[in-house]
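Here's the letter readout for the chains.
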Amino acid sequence: MNFAIHRFDSVASTNDVALQMADAPEGTVIIAGEQTAGKGRRGRKWSSPPGEGLYLSIVLHPSLPYNKLWQMAFVVSLAACEAIREVSGLDARIKQPNDILINARKVCGILIETRGHGDAGTRGFVVIGIGINVNNQSFPPDLNATSLALELGRTFSMPDMENALLRCLDARYEQFLTDGFQPILELWKALDCTVGRQTTDHMFEGTGLEVAENGDLQIQSGRDASVAE
Ligand code: BT5
């Protein structure tokens with residue numbers, strides 16, 4: 001994929017910038033040095049202090065029916081986890097729904113939003129938002145958070161983290177489009193630290209996708225909403 005990277009010193013939310021770019025081609029990337037209103041799911045906030053974290057959104061146009069879009073969350077959390085492991089050498093793990101944890105603390109959050117899917121005559125697009133705590137030295141006490149720097153006592157190159165993330169995303173997205181969901185799911189399971197712990201936690205805001213008691217993934221409803229974390 002060809003990435004077209006747009007950099008900003010400060011934005012409210014990189015996802016909002018991407019969502020507002022109505023005709024943005026696949027591979028459009030928004031990166032900001034800080035977010036003044038970084039978003040989590042369901043109105044929650046993503047702490048995004050200047051220069052400390054990677055705040056990145058990418059526009060994709062996966063040719064998937066709406067009821068398969070949830071699979072993108074697995075592609076993205078797998079890629080983000082792999083990129084963090086590669087850059088840090090740490091045992092980063094995916095926690096369902098798709099947080100990335102190191103030593104049981106959150107190092108990365110993912111918010112996937114869609115627009116236009118299922119509308120007659122329109123081509124929908126997906127905005128993948130990823131926040132990674134890279135060089136943060138501290139967090140507000142109410143957050144169970146960590147950063148690569150806190151874990152290893154040294155700072156990391158932001159461009160290295162950015163490049164690894166885009167490369168891993170590109171590779172897993174291509175694999176997904178070529179070989180389908182099953183190989184992605186197998187890799188994802190191998191990094192999932194909640195394996196064996198059945199959950200019905202909601203994975204996708206708006207779509208109500210759940211991991212059922214038997215481990216099956218189920219879509220319930222929803223459209224044009226914030227669909228994943
Ligand atoms: C997420 O939501 O984890 C999704 C976060 C996505 C952030 C990226 S940054 C680029 C793009 N632009 C945006 O505006 N957003 C995306 P959720 O699962 O709802 O988790 C939010 C919760 O995580 C908060 O309520 C806090 O408890 C915690 N939290 C907030 N900031 C954090 C941080 N920097 N590190 C770890 N935990 C944090």
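Everything that follows concerns the structure shown earlier in this document.
Source: prediction; values computed, not measured.

Colleague: Is there a simple way to think about unusual backbone geometry in this case?
Modeller: Peptide bonds are, in most cases, trans, and in most cases residues other than glycine have a negative phi. Backbone geometry places N103, a non-glycine residue, at a positive phi of 50 degrees. Structurally, N103 is set in the loop between β5 (99-102) and β6 (105-115). Backbone geometry places A104, a non-glycine residue, at a positive phi of 70 degrees. Inspection of the secondary structure assignment puts A104 in the loop between β5 and β6.

Colleague: For this particular structure, what's the right way to read the layout of surface pockets?
Modeller: A probe as big as a water molecule, rolled over the atoms, marks out the empty space that is left. Quantified by volume, the largest pocket comes out at close to 590 Å³. What lines the largest pocket is a set of 31 residues, among which G40, K45, W46, K106 and G109 lie closest to the centre. Among the secondary structure elements, those contributing two or more residues to the lining of the largest pocket are α1 (14-20), β3 (53-60), β6 and β7 (125-133). When grouped by side-chain class, the residues that make up the lining of the largest pocket number ten nonpolar, twelve polar and nine charged.

Colleague: Where do I start with the packing of helix α4 (residues 158-179) against helix α5 (residues 181-191) in this structure?
Modeller: Each pair of packed helices can be described by the angle between their axes along with the distance between the axes. In contact at an axis separation of 7 Å, α4 and α5 are set at 135 degrees when each is read in the N-to-C sense. Relative to α5, the element α4 lies oblique. Contacts from R172, Q175, F176 and D179 of α4 reach α5 at F181, P183, I184 and L187. Per-class residue counts for the contact of α4 with α5 are five nonpolar, one polar and two charged.

Colleague: Would you take a moment to explain the site of the ligand for this structure?
Modeller: Inspection of the region around the ligand gives 25 residues, with S13, K39, R44, K106 and N133 positioned closest. Between the ligand and K106 there is a distance of 2.8 Å, counted from an oxygen atom to a side-chain nitrogen or oxygen. Here N133 contributes a side-chain N or O atom positioned 2.8 Å from a nitrogen atom of the ligand. When the ligand sits alone it has 790 Å² of accessible area, and the protein chains cover 91% of it. Its atoms largely coinciding with the cavity grid, the ligand occupies the largest pocket. When its residues are assigned to classes, the shell around the ligand shows seven nonpolar, twelve polar and six charged.

Here is what the cut-offs are and how they apply
Residues numbered from 1 in each chain as written. Predicted model: local features only at pLDDT ≥ 70, side-chain atom pairs only at ≥ 80, totals over all residues. Heavy atoms only, no water. Helix = DSSP H or I, 4+ residues; strand = E, 2+ residues; numbered from the N terminus. 1 Å grid on protein atoms, 1.4 Å probe; cavity = no way out; pocket = protein on both sides within 12 Å on 5 of 7 lines; lining within 4 Å. Points joined across faces, edges and corners; volume = space filled by probe spheres on them. Nonpolar A, V, L, I, M, F, W, Y, C, P; charged D, E, K, R; others polar. Axes fitted to C-alpha atoms, helices over the stretch in contact; angles between N-to-C directions. Parallel < 35°, antiparallel > 145°, perpendicular 65-115°, else oblique. Contact = heavy atoms within 4.5 Å. Near = heavy atom within 4 Å. Polar contact = N/O pair within 3.5 Å; in protein donor to acceptor, adjacent residues only side chain to side chain. Areas by Shrake-Rupley, 256 points an atom, 1.4 Å probe, with all protein chains shown as cover. Sits in = over half its atoms within 2 Å of the grid points.

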